[in-house]
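Overview (structure and organization)
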Amino acid sequence: MSEQNRLGVFKTYKLYVGGKFPRSESGRVYEVTDSKGQWLANAPQSSRKDARDAVVAARKAFGGWSGATAYNRGQVLYRVAEMLEGRKDQFVREVAASEGLSKSKAAAVVDAAIDRWVWYAGWTDKIGQISGGANPVAGPFFNLSTPEPTGVVAVLAPRKSSLLGLVSVIAPVIATGNTAVVVASADAPLPALSLGEVLATSDVPGGVVNILSGVTAELAAPLAAHQDVNAIDLTGADTALAKELEIAAADNLKRVLRPGSVDADAAADSADWTASPGTHRLTAFLETKTVWHPTGALGAAGSSY
């Protein structure tokens with residue numbers, strides 16, 4: 001068959017839940033358009049049931065992921081960067097269409113997203129050194145504080161930065177041993193859904209990251225109220241929605257990360273995702289465990305170590 005007569009194969013975008021690629025439980029889809037309003041694809045419109053399934057998958061994966069060594073988690077995150085590098089051309093096209101960027105600017109965004117994965121991969125076995133340590137106490141005791149992951153984290157991805165911002169909110173969550181349920185940007189979900197395909201081939205255990213697309217408010221509400229979600233990142237929520245979610249999150253004392261000014265609508269959308277991310281997102285979803293242990297006496301003089 002000649003190239004002129006060949007029909008192209010359209011990509012079917014699916015959710016990424018528990019290491020698999022289901023369609024939305026409701027069967028709904030919605031049209032995704034580019035910056036000029038032209039149709040790009042149909043994205044699955046997730047339901048509350050999909051959100052609950054994602055939480056179950058994230059909880060199931062938490063024990064194994066949080067129990068892995070920090071060094072191993074770093075290797076896995078670096079593998080994500082490797083696989084993303086290999087699919088760079090695809091992501092350049094999707095980012096360019098989603099964000100209305102030129103090919104060269106989109107390529108720079110994808111490069112930055114790959115570098116961001118590498119950056120967080122390097123922090124997995126170092127964050128404990130800056131957020132924990134030995135504490136001086138008045139007594140013959142060792143007093144040691146160590147960071148531990150919070151648990152299942154719901155993440156509302158940035159609405160405008162479809163890849164770099166997305167990576168910047170996912171990577172620190174899983175780098176520190178948490179698992180994530182991610183609500184992709186409703187307007188630009190395609191890079192997020194494609195990222196699920198990268199994660200599936202990058203040694204990331206199924207359920208560590210779960211990616212949903214659809215109406216942010218429709219998915220965020222049940223996640224904020226879910227009793228088995230331990231924390232929520234409100235980056236992709238506007239001011240009104242963020243206040244509602246904070247109230248719902250208080251029911252089981254979830255940790256809440258609300259970037260930007262509480263008075264500025266969509267403050268996170270104005271964030272400069274190309275800037276150095278610092279470590280605040282790494283420490284946002286960590287708990288501190290402090291252990292006391294008696295020191296032993298050494299020698300007849302009773303000196304201790």
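What you are looking at is a predicted structure, and each value in this text was computed from that prediction instead of being measured.

Each value, and the rule that gives it
Residues numbered from 1 in each chain as written. Predicted model: local features only at pLDDT ≥ 70, side-chain atom pairs only at ≥ 80, totals over all residues. Heavy atoms only, no water. pLDDT = per-residue confidence, 0-100. Contact = heavy atoms within 4.5 Å. Salt bridge = Lys/Arg side-chain N within 4 Å of Asp/Glu carboxyl O. Helix = DSSP H or I, 4+ residues; strand = E, 2+ residues; numbered from the N terminus. Buried < 20%, exposed > 50% of the residue type's maximum accessible area, 1.4 Å probe, protein only. Pairing = 2+ DSSP bridges. Right-handed = clockwise from strand over helix to strand, strands pointing away. Expected span 1.5 Å × (residues − 1). Bend = angle between axes of the 7 residues up to and from the residue. Core = buried A, V, L, I, M, F, W, Y, C linked by side-chain atoms within 4.5 Å. Axes fitted to C-alpha atoms, helices over the stretch in contact; angles between N-to-C directions.

The next subject is the confidence of the model for the chain. For the chain, the mean per-residue pLDDT works out to 90, and 92% of the residues sit at or above 70. Taken as a whole, residues 261–268 scores under 50 in pLDDT and shows 13 contacts with residues more than four places along the chain or in a different chain.

Enumeration according to the criterion identifies 12 salt bridges in this entry. Note that Arg28 and Glu218 form a salt bridge whose closest N and O atoms lie 2.8 Å from each other. Separated by 190 residues along the polypeptide, Arg28 in the segment before strand 1 (29–33) and Glu218 in helix 8 (residues 216–225) bring together distant segments of the chain. In the salt-bridge network here, residues are joined through shared partners; they are Lys11, Arg87 and Glu197.

Along the chain, Leu223 turns up in helix 8. Counting along the chain gives 172 residues from Leu223 to Ala51, while the straight-line C-alpha distance between them is 6.9 Å.

Looking now at the pairing of strand 5 (residues 152–156). Counting buried residues along strand 5, five of its five residues qualify, which places the element largely inside the surrounding structure. Note: strand 5 against strand 6 (residues 179–183), five bridges, orientation parallel. Considered in strand 6, the bridge of Ala154 is made with Val181. Taken together, strand 5, helix 6 (residues 164–175) and strand 6 constitute a β-α-β crossover, and its handedness is right-handed. Bridging between strand 5 and strand 8 (residues 231–233) involves three bridges; their strand directions are parallel. Among the inter-strand pairings, Val155 is bridged to a residue of strand 8, identified as Asp233.

The first and last C-alpha atoms of helix 1 (residues 48–67) sit 29 Å apart over 20 residues, in line with the 28 Å expected at 1.5 Å per residue. Largest kink in helix 1: about 40°, centred on Ala61. Among the residues making up helix 1, those that are buried are Asp50, Ala51, Ala54, Val55, Ala57, Ala58, Ala61, Phe62 and Trp65.

Next up on the list: the nonpolar core. Ranked by internal contacts, the top residues of the largest apolar core, which has 60 residues, are Trp117, Val182, Leu199 and Ile211. Residue contacts for Val182: discarding those within four places in its chain leaves Val155, Ala157, Leu166, Ile170, Val209, Asn210, Ile211 and Leu212. In this structure, Ala57, Leu156, Leu212 and Val229 belong to the second largest nonpolar core, which totals 25 residues.

All right, on to the sheet that holds strand 4 (residues 141–149) then. Taken in spatial order, the three strands line up as 3-4-10 in an open sheet, and their pairing is antiparallel. The strands lining the two open edges of the sheet, one partner per strand, are strand 3 (133–134) and strand 10 (286–294). Here strand 4 pairs with strand 10 via nine bridges, running antiparallel. The residue bridging Leu144 from the neighbouring strand is Val291, located in strand 10.

Here the focus is the sheet that holds strand 9 (residues 255–257). Spatial strand order, 7-6-5-8-9: five strands in an open sheet with parallel pairing. Looking along the sheet, the strands with just one partner apiece sit at the ends: strand 7 (209–212) and strand 9. For this sheet, the mean inter-axis angle between neighbouring strands, taken without regard to orientation, is 15°. Relative to strand 6, helix 6 is tilted by about 160°, and along the sheet it contacts strand 5, strand 6, strand 7 and strand 8. Packed on one face of the sheet, helix 8 meets strand 5, strand 6, strand 7 and strand 8 and runs near 150° to strand 6.

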